[in-house]
Amino acid sequence: MHRKGFGLAFDIERTNATRSGYRPAQYDMGGIQELFGDLRLAGFAAMLRLNIVGHLTIVGGDEGRYKHDNPINRAVAIREMLIHDHGIDATRVDAAASNSNTLGNSLIIRQRSTSNEDIVTTSHYHIPRAAMDIAAEGLSLPIIAAEAFMILEDKTSKDRIIHELGGSPLAMRCAEEIQGIAHKLAGTYQSRTDATPITIGSAATV
């Protein structure tokens, strides 16, 4: 598998509750906006376990909440979480430091990507803005919701996604869209208005 993946980093926190010593931050630095980084992390791990890509590079800047106290790079911390908390082979994931924004991440991806088959992955909600920044770097790479790899690996993950997104009608709608992405990846997608399946590739059975 020569296709590479690029995972966009999320906010992290130090903790004594995990083997890696890190966890996804629930809220942004202002303590207002939920980030859902745990879903993104689970998606990164599923992407590698399913061999969607041969290698995943996490791209991100330093964590702002520790800027004056033993700084840590988000990408480095996420790599540690994947290895020590999710059992991912250390040779299959690396970390690339960038500026702490999506534009900075996109520059690193442009420098490292070698094929239009490479994949960028991030949270479902983050894709529209990330896609603009990826395009601004002259890249035409697919950007796939990390949560879709969770459902591709285990279809019951849809319930977890709905729950963690708050269980609202919008959360259920988002989970339906994410499930549709998983079905497209598996080559099993069928529109409710189409008589025959639409197949765009194969990765696993959902």
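Keep in mind it's a predicted model, so treat the numbers as computed, not measured. (Residues numbered from 1 in each chain as written. Predicted model: local features only at pLDDT ≥ 70, side-chain atom pairs only at ≥ 80, totals over all residues. Heavy atoms only, no water.)

### Notes on helix H2 (residues 74-86)
Its 13 residues place the ends of H2 17 Å apart at the C-alpha level, agreeing with the 18 Å of an ideal helix rising 1.5 Å per residue. Looking only at H2, the buried set comprises Arg74, Ala75, Ala77, Ile78, Met81, Leu82 and Ile83. Buried residues along H2 sit against strand E2 (12-14), strand E3 (22-24), helix H1 (37-49), strand E4 (55-60) and strand E5 (93-97). Regarding H2, its N-cap is Asn73, as a side-chain oxygen of that residue lies 2.9 Å from the backbone nitrogen of Ala75 further along. Note on H2: the residue one or two positions beyond its end, Gly87, has a positive phi of about 70°. (Helix = DSSP H or I, 4+ residues; strand = E, 2+ residues; numbered from the N terminus. Expected span 1.5 Å × (residues − 1). Buried < 20%, exposed > 50% of the residue type's maximum accessible area, 1.4 Å probe, protein only. Contact = heavy atoms within 4.5 Å. Polar contact = N/O pair within 3.5 Å; in protein donor to acceptor, adjacent residues only side chain to side chain.)

### So, the packing of helix H6 (residues 157-164) against helix H7 (residues 169-186)
Two elements in contact, H6 and H7, have axes separated by 8 Å at closest approach and are oriented at 145°. Considering only the axes of H6 and H7, their crossing is right-handed. The segment H6 lies against H7, with Lys158, Ile161 and Ile162 engaging Ala171, Met172, Ala175, Glu176, Ile178 and Gln179. Classifying every residue of the contact of H6 with H7 gives 6 nonpolar, 1 polar and 2 charged. (Axes fitted to C-alpha atoms, helices over the stretch in contact; angles between N-to-C directions. Left-handed = near helix turned anticlockwise from the far one by under 90°. Nonpolar A, V, L, I, M, F, W, Y, C, P; charged D, E, K, R; others polar.)

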